[in-house]
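In case you want the letters, here they are:
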Amino acid sequence: MTELQCLDLTVKITARPTRLGDELAALYRGCERRDGDTPATSEIELQVDECDAIFSLSVGGAACDTFDCVRDLFLRASLEIDRQCVAASTGSHLLLHASCVARGSRAALVVGPSSAGKSTLAAALTLAGLDYVGDEVIGLRAGTPYAFGYPKPFKLDGRARHALANAFGRADLCIDSHDREDLVAPGALGSARAAGTCTTPALVVRPAFANGAPIGIEKLTRADVAESLADQCFNFASWGGEGLRIVANVARRCEGVRLRFGDIATAVATIDKMLS
Amino acid sequence: MTDDTNMREYRIARGAFALRLDDETLIWNPDAEALHRLNASATLVWEALDTWATADAVCDQVTRSSGLDASDVRHCVEELYEIGVVERRVRLVDHAPPCSSASN
């Protein structure tokens, strides 16, 4: 049995056989719950029928879905954890659809719509030696300059893994299919900050990958930055004016850039330089 | 039918939440659950609407201080009204009662 802390979500993972839970826990190392005094707010159960090789997922005691491979089971469990994290944390955090990495006391928020390359860029920055803070769901809180994440596994497709393998000489990251998505433990790429660690954003990056394009950096105005953050919030409407105040405070403290890139290693070097 | 255009007054709508960032402004309209962004010129118009004012008065104020074109200012006021972050009323004009000369 493993308990994870993802912003305000505390989730208990149970698995039969236990090795399934151990495998998922290995992917979520860094998200382990430290304060186990109170009962978890949610429960996810993983199960495999060894005879038929059917993997099943239950959430809160209710059967949710079945899969024919463990990879799909974990992908779905990861999605469910994010979904529940958003539901559990929406009242306490303004929740960004973003990635976050840090170098020392300065963090970079990578924001953009789905498929903009946020996860790939965050994975690449982790491979380059920055600390991974979180992906998909990053929380901001009123009255603090901090961003909060949890180092969930990276969800990367074969194409992203191939690009990372080429850029960082990590042939072990390659998989045979370009379209297949898989979870990658942050620890396999570099270091990660424990869930709940306070991190101060100093840079907001809007990535735009264009195959073969030279690096292009366009400075964003503070209004650009605030608007980008608001656009990529899961719960901006429920925070309204207070949400605007929170993103404006981040925008006032951060530099913002739109980064067009065709080569991931150059993009990483550029971001790292801006953070240093 | 009378044209009340010159009697219309505008003001920032109650509930609209605005934050200025450098020379631009972001506005949250809670009724429409929409975020709007004003460029530097529109920000000047917005700031001239903090109390009830006719479009003419806003034009005077903004064109005098910025050199913006009056028709652009007027258009901006209408656009802000259209998106719901500015409210409008028709000014009530007190007409003096017609002089009644007692001719008894």
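Residues numbered from 1 in each chain as written. Chains lettered and ligands numbered in written order. Predicted model: local features only at pLDDT ≥ 70, side-chain atom pairs only at ≥ 80, totals over all residues. Heavy atoms only, no water.

**Re the overall build of chain A**
Consideration 1: Looking only at helices and strands, chain A features seven helices and 16 strands.
Consideration 2: Dimensions of chain A, computed from C-alpha atoms along their principal axes, come out at roughly 55 × 45 × 30 Å.
Consideration 3: Burial status across chain A gives 53% buried among its 276 residues.
Consideration 4: Counted over contacts in chain A with a minimum sequence separation of 6, partners at least 24 positions apart contribute 71%. (Helix = DSSP H or I, 4+ residues; strand = E, 2+ residues; numbered from the N terminus. Buried < 20%, exposed > 50% of the residue type's maximum accessible area, 1.4 Å probe, protein only. Contact = heavy atoms within 4.5 Å.)

**Thoughts on the confidence of the model for chain B**
All names here are of chain B.
Consideration 1: Averaged over every residue, the pLDDT of chain B is 89; residues scoring 70 or more account for 84%.
Consideration 2: When mean pLDDT is taken per element in chain B, strand 3 (residues 24-29) scores highest with 98 and helix 2 (residues 55-66) scores lowest with 94.
Consideration 3: Interface scoring of the predicted complex returns ipTM 0.87; its pTM is 0.91. (pLDDT = per-residue confidence, 0-100.)

**Remarks on the sheet that holds strand 1 (residues 8-12) of chain B**
All names here are of chain B.
Consideration 1: Taken in spatial order, the three strands of this open sheet run 5-1-6, and their pairing is antiparallel. Each end of this open sheet is capped by a strand with a single partner; those strands are strand 5 (53-54) and strand 6 (86-90).
Consideration 2: As paired strands, strand 1 and strand 6 are joined by five bridges and run antiparallel to one another. Considered in strand 6, the bridge of Arg11 is made with Glu87. (Pairing = 2+ DSSP bridges.)

**Overview of the pattern of salt bridges**
All names here are of chain A.
Consideration 1: A complete count under the given rule lists 28 salt bridges over all chains for this structure.
Consideration 2: Here Glu45 makes a salt bridge to Arg16, at a shortest N to O gap of 3.5 Å. Of this pair, Glu45 sits in strand 3 (residues 42-49) while Arg16 sits in strand 2 (residues 9-16), and the two are 29 residues apart along the sequence.
Consideration 3: By relative accessible area, Glu45 is classed as partly exposed at 24%.
Consideration 4: A salt bridge links Arg71 to Asp72, with the shortest nitrogen-to-oxygen separation between them at 3.6 Å.
Consideration 5: When salt bridges with common partners are traced through the structure, they connect Asp65, Arg76, Glu80 and Arg83 into a single cluster. (Salt bridge = Lys/Arg side-chain N within 4 Å of Asp/Glu carboxyl O.)

**Regarding helix 3 (residues 70-82) of chain B**
All names here are of chain B.
Consideration 1: With 13 residues, helix 3 extends 18 Å from end C-alpha to end C-alpha; this agrees with the ideal 18 Å at 1.5 Å per step.
Consideration 2: Among the residues of helix 3, Val73, Cys76, Val77 and Leu80 are the ones counted as buried. An end-on view of helix 3 places all buried positions within 100 degrees of arc, on one side of the element. (Expected span 1.5 Å × (residues − 1). Arc of directions from axis to C-beta.)

**A look at the interface of chain A and chain B**
Consideration 1: Contacts between chain A and chain B engage 15 residues on the former and 12 residues on the latter.
Consideration 2: In total, chain A and chain B occlude about 1,300 Å² of area from one another, counting both sides; carbon and sulfur atoms represent 69% of this.
Consideration 3: In terms of surface lost to chain B, no three residues of chain A exceed Ala223(A), Glu227(A) and Leu244(A), which account for 37% of the buried area on that side.
Consideration 4: Where chain A packs against chain B, one counts three salt bridges.
Consideration 5: At the boundary of chain A with chain B, the tally comes to six residue pairs in polar contact (both at pLDDT 80 or more).
Consideration 6: Mapped onto the side of chain A that touches chain B, the elements with two or more residues apiece are helix 5 (222-231) and helix 6 (236-253) of chain A.
Consideration 7: Tallying contributions element by element places helix 6 of chain A first for the side of chain A that touches chain B, with eight residues.
Consideration 8: The residue makeup of the side of chain A that touches chain B, split by class, is seven nonpolar, three polar and five charged. (Buried area = accessible area lost by both parts, 1.4 Å probe. Polar contact = N/O pair within 3.5 Å; in protein donor to acceptor, adjacent residues only side chain to side chain. Nonpolar A, V, L, I, M, F, W, Y, C, P; charged D, E, K, R; others polar.)

**A short note on the packing of aromatic side chains**
Residue and element names in this part refer to chain A.
Consideration 1: What the rule picks out here adds up to five aromatic pairs over all chains.
Consideration 2: For the pair Tyr146 and Phe148, a centre-to-centre distance of 6.3 Å together with 80 degrees between the ring planes defines the contact as edge-to-face.
Consideration 3: Measuring from centroid to centroid gives 5.5 Å for Phe209 and Phe261, while their planes differ by 65 degrees, and the two rings are edge-to-face. Placement of the pair is Phe209 in strand 14 (residues 201-209) and Phe261 in strand 16 (residues 255-261), with a sequence separation of 52 residues.
Consideration 4: Among the residues examined, Phe209 registers a relative accessible area of 47% and is labelled partly exposed. (Phe/Tyr/Trp six-rings, centres within 6.5 Å; stacked < 30°, edge-to-face > 60°.)

**Examining the sheet that holds strand 9 (residues 131-134) of chain A**
All names here are of chain A.
Consideration 1: Across the sheet, six strands lie side by side as 9-7-8-14-16-15; this open sheet has mixed pairing. Each end of this open sheet is capped by a strand with a single partner; those strands are strand 9 and strand 15 (216-219). Averaged over all pairs of adjacent strands, the angle between their axes in this sheet comes to 25 degrees, without regard to strand direction.
Consideration 2: Across the sheet, helix 3 (residues 118-127) touches strand 7 (98-103), strand 8 (106-111), strand 9, strand 14 and strand 16, and the angle it forms with strand 7 is around 15 degrees.
Consideration 3: On top of the sheet, helix 7 (residues 264-275) reaches strand 7, strand 8, strand 14, strand 15 and strand 16; it is set at about 165 degrees to strand 16, its chief contact. (Axes fitted to C-alpha atoms, helices over the stretch in contact; angles between N-to-C directions.)

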